[in-house]
Amino acid sequence: MNFALGQRWISDTESDLGLGTLVAIEGRMLTVLFPATGETRQYAQAEAPLTRVTFNIGDEIKSADGFSLLVTAIAESHSNLVYSGTRTDNGEKTELKETFLDHFISFNKPQDRLFAGQIDRFDHFTLRYQAWQQQHRLQQSALRGLQGARMSLIPHQLYIAEEVASRHAPRVLLADEVGLGKTIEAGLIIHQQLLCGLASRVLIVVPESLQHQWLVEMLRRFNLHFSVFDEERCQQSQLDVSNPFDTAQLVLCSLEFISSNKQWLEQAQSSDWDLLVVDEAHHLAWSAEHASKEYRCIESLAQDTAGVILLTATPDQLGHQSHFARLRLLDPDRFFDYQAFVDEEQRYQQIANTANQLLSATALSATLAEELRQLISDADISTELTLLSQSGQTDAAAQARQQLLAKLLDRHGTGRILFRNSRASIKGFPLRHALPVALAMPEQYQNALKVHHNLNKNSPVAARVQANLFPEQVFQAFEGSASQWWQFDPRIDYLTTLLKQHKPAKFLVICAAAATALALEEALRQKEGIRAAVFHEGMSIMERDKAAAYFSQEDYSAQVLVCSEIGSEGRNFQFARHLVLFDLPLNPDLLEQRIGRLDRIGQQHDIQIHIPYFDNSAQQVLLNWYQQSLNAFAHTCQTGRVVYEQDAPALLALLSASQPDTAAEAQLITQSQQRHQQLQQQLEQGRDKLLELNSAGGERARLLAADIAKMDADVQLPMFMFQAWDLLGVNQEDRSDTSMVLTPAEHLRCAYPGLADEGVTVTFDRNTALAQEDIQFLSWDHPMVTGTLDILLNDNLGNTGVALLPNKALPVGSYFIELIYIVEVSAPAGLQIGRYLPSTPVRLLVDKTGKDLAAKVPFDHFNRQLKPVGRQTASKLVNALQTLIHPLLGNCETAALQQLAELRQAALHKMQHSLTQEQQRLTALRQVNPLIRAQEIDMLASQQQQLTDYIGKARLKLDALRVIVVSHD
Ligand SMILES: Nc1ncnc2c1ncn2[C@@H]1O[C@H](COP(=O)(O)OP(=O)(O)OP(=O)(O)O)[C@@H](O)[C@H]1O
């Protein structure tokens, strides 16, 4: 290297020092001053890690005085460069000696970095290109947001999530039976909408008792950090901001909190949400005469929020009218007349019949073909019908059958708004065994009830039923605190014996009232020293969560959790298999909710339902009614609510009587049983059959699960991450065959997402992640992985390179340049432009004549033949070739622009084809299926317009540049 005073050099190892000036040459030593930072460095001449900064004709350079110069000529004076050109601010022609260049220079563009000697390691260049390829693939992937949840791949859940999450502003009711994973489905939808940019602000409203569980589920399954908003948090934030709800993107609050304070509700309403999610939506009671405050609260939020997801396992729990009203929350234009809705439900039977025939028929009858033609009158289905009638069981016939079914359901099902899966359709659930045990009613209760009946002959039926079902409450009311019912109630001995017999098996005990739960805990503790946790509405949320946690731990924990009714909703206790129904609720949906705590996905054993009851009492009548009429213990009972509504007068009369009436009871049981069977049949053939066909997703659902399983098994992600960790400075140490501990290395290059100083354990294996929740489950959706892509692509890292190509067939010293351009397009995230025009890497491999060989020589193949070179050699090679390479860059840009035009064209075509098709489909469907909202169709048209504009504005950026020199070594 020829050194001369005044020359400008940049440090290869400390480029953040800025541009240095050579200020002294003494013997073999050099002194360089870096004016930007005021630092000085001394180097031995022979091995100084310095690169001379030289510019080229056409470059725009900045002077220390602040003006910029467009270089038109370069001369040398006393070994210093003198740039001549035009000032960009005033157009004057001027000269700029290199000594007076801007000291704060930093090189971001790959060509500047390369020529300034900032040459990255070989593997960094490779990794950067791979990161772009992955990003390109991910932006188009339909599985984005679905793969990364810590969950088993359950097809019906994935199907619902995929179906709903890809919609703009989805408005749906998720009504799977208890414990089939509605929370997971909602989480998947939220996750996907957030990752794809379709939503950014989400408000979740849940019963207070489920707040913590939701918080934890969102975090551990989806890596979503929600903030809990309650009185305290809102009061606190209000000191700093006018609307506390504007201070977080993902908010979780309780229905009790938001519906009971007008100010918070109004503020929540005026904050801008993309998605509103409401769990246990059966709490939103409504009738033509009266809308509950909870209903009105959610109604006001739903009016101003584009996407609304309601969840309930028991949509009819507060009556069919309330169910209708909740659908009205989702689409008020469509659901305005209750009677019309009821009539429409009747029609589902005909559609379900046709769907069933279509599914089961081996050959297509003329009648069935005609029915299908009438039901799908707006579309031409002749091809499918011909295929079905000709081909028997071929693949083509199966496909035609599926297409016809999809068209039928699209037009006549409720699938766009309501999803319901049942245990019957999902299968694989454990059995439920009812174990009723008759006990003699103690005298104390008999006497208390006698007195109660005498005193309350004219009191309302409900009060007398209550007394008969809960004699302990009557007794306690008479006796006051002087005596405790649990001292003599035989259910206590029964319970303690049961617990001791099965020790250490976990037992969930559910009773209706908090007072009963407290008394039971006391009884267990005092009588037998049995550790029980209690859970009731009188406790704070934190206390309840502690109790649930105390019960769920394996060691040193409670064998029993005694819950009041509040514990029967939403909670996950499927690690237990014993349920004690200390009393029975009067509402069949509540009974199902209670059993649903154990009968949930994840339950590994058959469930034992222990039911102590008093012989010859109202309790026995209710038990018999549930068991013999509805079979509600052994199976989920879909009809319970309706049967109850119809037979309530007779049932309540029996339950409120002072004496049993076995004849009337037998009659009621037969009557309810017949109703149940009839309704069951109707549901199976009608509404529910359709819902099931709509909701479970059939073949599509299975394919989704299979595709994700394939992605899970793919080694691309681990390979990519291992390289990224090595490069960025993250140590990896195996913890087991499928997990490893990551820790920051000393040379960690940046703040790495999710990596604490003490380390973090990660796995790429879904099963490991499911079994060990303290381990992070890495997928392409995980923030650590997306964060790694961001770091690699937003930094300069790997955007320059020099390599040798050992190839004797080529003249030694000949060279190539490899350029990676990126197609950049900025558009609002909600448009998901990446589906059509993702950030596409455009690669050119150009020889010295400017000929592009990229199409013939793919990256991987070429890369494998290359050899890395040391930094100094690389720098020398670049210096030697700089003047030859520089002019080639302009030609390359022209070639890349040509490719950009083609990519734009292809993206436009893809977008228009897909959106026009969807628009046409929805427009045609809207003629026959009013569940399709006009806004959805308008939205597609507006999107198409916007996307056309944005695709037209796509541009190119040179992202990385590598020089390859042929060698014969
Ligand atoms: N795909 C899955 N992988 C692993 N666990 C799951 C999956 N789906 C559901 N679960 C577990 O099964 C239980 C029931 O799921 P979830 O709470 O989502 O059901 P739900 O339908 O909302 O129940 P409920 O009707 O009681 O509110 C939970 O413990 C949940 O974590």
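Calculation rules
Residues numbered from 1 in each chain as written. Predicted model: local features only at pLDDT ≥ 70, side-chain atom pairs only at ≥ 80, totals over all residues. Heavy atoms only, no water. Helix = DSSP H or I, 4+ residues; strand = E, 2+ residues; numbered from the N terminus. Buried < 20%, exposed > 50% of the residue type's maximum accessible area, 1.4 Å probe, protein only. Contact = heavy atoms within 4.5 Å. Areas by Shrake-Rupley, 256 points an atom, 1.4 Å probe, with all protein chains shown as cover. Lys, Arg positive; Asp, Glu negative; His and termini not counted. Charge placed at Lys NZ, Arg CZ, Asp CG, Glu CD. Patch = residues over 30% accessible without salt bridge, like charges linked within 9 Å, V, L, I, M, F, W, Y side chains within 5 Å. Salt bridge = Lys/Arg side-chain N within 4 Å of Asp/Glu carboxyl O. pLDDT = per-residue confidence, 0-100. Near = heavy atom within 4 Å. Polar contact = N/O pair within 3.5 Å; in protein donor to acceptor, adjacent residues only side chain to side chain. Nonpolar A, V, L, I, M, F, W, Y, C, P; charged D, E, K, R; others polar. Domains from an automatic or database assignment. Pairing = 2+ DSSP bridges. Phe/Tyr/Trp six-rings, centres within 6.5 Å; stacked < 30°, edge-to-face > 60°. Lys NZ or Arg CZ within 6 Å of the ring centre and 35° of its normal. Axes fitted to C-alpha atoms, helices over the stretch in contact; angles between N-to-C directions. Core = buried A, V, L, I, M, F, W, Y, C linked by side-chain atoms within 4.5 Å. Expected span 1.5 Å × (residues − 1).

K.L.:
Explain the overall build of the chain to me, and be specific about the residues and the numbers.
P.N.:
Helix and strand content of the chain: 33 helices and 31 strands. Per-residue burial for the chain yields a buried fraction of 54% across its 969 residues. The contacts in the chain between residues at least 6 apart in sequence include a share of 72% that link residues at least 24 apart. Carbon and sulfur atoms form 50% of the exposed surface of the chain, whose accessible area is close to 41,900 Å². Computed over 84 positive and 112 negative side-chain charges, the separation of the two mean positions in the chain equals 3 Å.

K.L.:
Break down a nonpolar patch on the surface for me, citing the residues and quoting the values.
P.N.:
Taken together, Val 451, Leu 455 and Phe 478 make up a surface patch of nonpolar side chains, about 280 Å² in accessible area. The topology assignment puts Leu 455 in helix H16 (residues 443-455).

K.L.:
Which residues make up the confidence of the model for the chain, and what values go with them?
P.N.:
The predicted model of the chain averages 88 in pLDDT, with 97% of residues at 70 or higher. Looking across the chain, the model is least confident in helix H26 (residues 687-696), with a mean pLDDT of 68, and most confident in strand E21 (residues 578-581), with 97.

K.L.:
Residue-level account of the pattern of salt bridges, with values.
P.N.:
Going through the model one piece at a time under the given rule, you end up with 31 salt bridges. With a shortest N-O distance of 2.2 Å, Arg 220 and Glu 217 are connected by a salt bridge. With Arg 220 and Glu 217 both in helix H5 (residues 211-222) and 3 residues apart, the pair spans about one turn of that helix. A residue is classified by how much of its surface remains accessible, and Glu 217, at 8% relative accessible area, is buried. Here Arg 962 and Glu 818 are joined by a salt bridge, their closest N and O atoms 2.8 Å apart. Of this pair, Arg 962 sits in strand E31 (residues 955-967) while Glu 818 sits in strand E28 (residues 815-824); the two residues are 144 residues apart in sequence, bridging distant segments of the chain.

K.L.:
Quick one: what's the story with the site of the ligand, residue by residue and with numbers?
P.N.:
In the vicinity of the ligand lie 22 residues, with Gln 157, Lys 182, Thr 183, Arg 221 and Gln 574 positioned nearest. Gly 179 is positioned with one of its backbone polar atoms (N or O) 3.2 Å from an oxygen atom of the ligand. Between an oxygen atom of the ligand and a side-chain N or O atom of Lys 182, the distance comes to 2.6 Å. Within the complex, the protein chains bury 95% of what would otherwise be the 620 Å² of accessible surface of the ligand. Residue composition of the shell around the ligand, by class: 7 nonpolar, 8 polar and 7 charged. Here the shell around the ligand spans two domains, since at least three of its residues come from each of domain 2 (155-331) and domain 4 (431-687).

K.L.:
Could you give an account of the environment of Gly 197, with specific residues and numbers?
P.N.:
The residue Gly 197 is located in the loop between helix H4 (182-195) and strand E11 (202-206) in this model. In sequence terms Gly 197 and Pro 436 are 239 residues apart; their C-alpha atoms lie 53 Å from each other. In this structure, Gly 197 is in contact with Ala 829 and Gly 830, ignoring residues within four places of it in sequence.

K.L.:
Account for the domain arrangement of the chain, with residues named and values stated.
P.N.:
One can read the domain layout of the chain as domain 1 (8-106), domain 2 (155-331), domain 3 (346-413), domain 4 (431-687), domain 5 (714-779) and domain 6 (800-967). The straight-line distance from the C-alpha centre of domain 1 to that of domain 5 is 42 Å.

K.L.:
Can you tell me about the pairing of strand E25 (residues 760-763), naming the residues and giving the values?
P.N.:
Burial along E25 is two-sided: the face carrying Val 760 and Val 762 and the face carrying Thr 761 and Thr 763 are both buried. Relative to E25, strand E24 (residues 739-744) is paired through 4 bridges, and the arrangement is antiparallel. What sits directly across from Met 740, in E25, is Val 762. Strand direction decides the pairing type here: E25 and strand E26 (residues 776-777), joined by 2 bridges, are parallel.

K.L.:
Hey, could you go over the packing of aromatic side chains for me, with residue numbers and the actual values?
P.N.:
The tally for this structure, following the rule as stated, stands at 25 aromatic pairs. Where Phe 722 meets Trp 725, the ring centres are 5.8 Å apart and the plane angle is 65°; that geometry is what we call edge-to-face. Note that Phe 722 and Trp 725 are positioned in helix H28 (residues 716-728) at a spacing of 3 residues, about one turn of the helix. Residue classification places Phe 722 among the partly exposed residues on the basis of a relative accessible area of 30%. In this structure, Arg 201 is placed above the aromatic ring of Trp 273, and the distance from its NZ or CZ to the ring centre is 4.1 Å. Looking at Lys 953, its charged tip hangs above the ring of Tyr 950, at a distance of 5.6 Å from the centre.

K.L.:
Just give me the short version of the sheet that holds strand E30 (residues 867-868), but keep the residues and values in it.
P.N.:
Pairing in this open sheet of 5 strands is mixed, and the strands run E29-E28-E31-E27-E30 from one edge to the other. Each end of this open sheet is capped by a strand with a single partner; those strands are strand E29 (841-847) and E30. Of the strands in this sheet, strand E27 (800-806), E28, E29, E30 and E31 are in contact with helix H2 (residues 122-140), which crosses E31 at around 145°. Against the sheet, helix H32 (residues 871-928) engages E27, E28, E29 and E31, with an angle of about 40° to E28.

K.L.:
Could you give an account of the sheet that holds strand E8 (residues 80-87), with specific residues and numbers?
P.N.:
Spatial ordering of the open sheet is given by E6-E7-E8-E9, a layout of 4 strands whose pairing is antiparallel. Each edge of the sheet is formed by a strand with only one pairing partner; in this case those strands are strand E6 (60-62) and strand E9 (93-97). With direction set aside, neighbouring strand axes in the sheet form an average angle of 45°. As judged from the 5 bridges shared by E8 and E9, these two strands associate in the antiparallel manner. Bridge pairing links Thr 86 to Lys 93 in E9.

K.L.:
Report on the pairing of strand E7 (residues 68-77), specifying residues and quantitative values.
P.N.:
One face of the sheet, then the other: side chains in a regular strand alternate in exactly this way. Across 3 bridges, E6 lies against E7 in antiparallel orientation. Note that in E7 the partner of Ile 61 across the bridge is Leu 69. Here E6 hands over to E7 after 5 residues, with Gly 66 in that stretch at a positive phi of 105°. Two elements, E7 and E8, share 8 bridges in a ladder whose sense is antiparallel. Within E8, the residue paired with Ala 75 across the bridge is Val 82. If you look at the hairpin formed by E7 and E8, you'll find 2 residues sitting between the two strands, and His 78 has a positive phi there, around 50°.

K.L.:
Before we move on, could you go through a negative patch on the surface and cite the residues and values that matter?
P.N.:
A grouping of Glu 208, Asp 230, Glu 231, Glu 232 and Glu 256 is seen on the molecular surface, where their side chains present a negatively charged patch. Looking at the element boundaries, Glu 231 is found in helix H6 (residues 231-238).

K.L.:
If you had to explain the side chain of Arg 113 to someone new, which residues and values would you point to?
P.N.:
Looking at where Arg 113 falls in the secondary structure, it is placed in helix H1 (residues 110-115). For Arg 113, the contacting residues outside a window of four places in its chain are Phe 107, Asn 108, Gln 118, Asp 120, Asn 796, Asn 799 and Thr 800.

K.L.:
Give a description of the nonpolar core that names residues and reports values.
P.N.:
In this structure, Ile 204, Trp 214 and Trp 725 are the most contacted members of the largest nonpolar core, which totals 73 residues. At 7 residues, H28 tops the list of elements feeding residues into this core. Those residues in contact with Trp 725 that sit more than four places away from it in its chain are Val 730, Gln 732, Met 740, Leu 742, Tyr 752, Val 762, Phe 764, Leu 778 and Met 784. Of all hydrophobic cores here, the second largest spans 45 residues; its members include Leu 889, Met 911, Leu 947 and Ile 951.

K.L.:
Tell me what's going on with helix H30 (residues 783-794), and back it up with residues and numbers.
P.N.:
The end-to-end C-alpha separation of H30 is 16 Å, in line with the 16 Å expected for 12 residues at 1.5 Å each. Taken residue by residue, H30 has Met 784, Val 785, Gly 787, Thr 788, Leu 789, Ile 791, Leu 792 and Leu 793 as its buried positions.

K.L.:
Would you mind going over unusual backbone geometry in detail, with residue names and values included?
P.N.:
Note that the residue after Lys 503, namely Pro 504, is joined by a cis bond; omega there is 5°. Counting through the fold element by element, Pro 504 comes out in the loop between helix H19 (490-502) and strand E18 (507-510). The phi angle at His 78 is positive, at roughly 50°, despite the residue not being glycine. Taking the relative accessible area as the measure of exposure, His 78 reaches 72% and is therefore exposed. Although it is not a glycine, Asn 631 adopts a positive phi angle of roughly 50°. Turning to its location among the elements, Asn 631 is positioned in the loop between helix H23 (618-630) and helix H24 (640-656).

K.L.:
Go over the environment of Lys 450 with me, naming the residues and quoting the values.
P.N.:
When you line up the elements, Lys 450 lands in helix H16. Placed 188 residues apart in sequence, Lys 450 and Lys 262 show a C-alpha to C-alpha distance of 47 Å.

K.L.:
Let's hear about the side chain of Thr 840: which residues, and what values?
P.N.:
Counting through the fold element by element, Thr 840 comes out in the loop between E28 and E29. The residues contacting Thr 840, other than those within four sequence positions of it, are His 136, Tyr 821, Ile 822, Val 823 and Leu 903.

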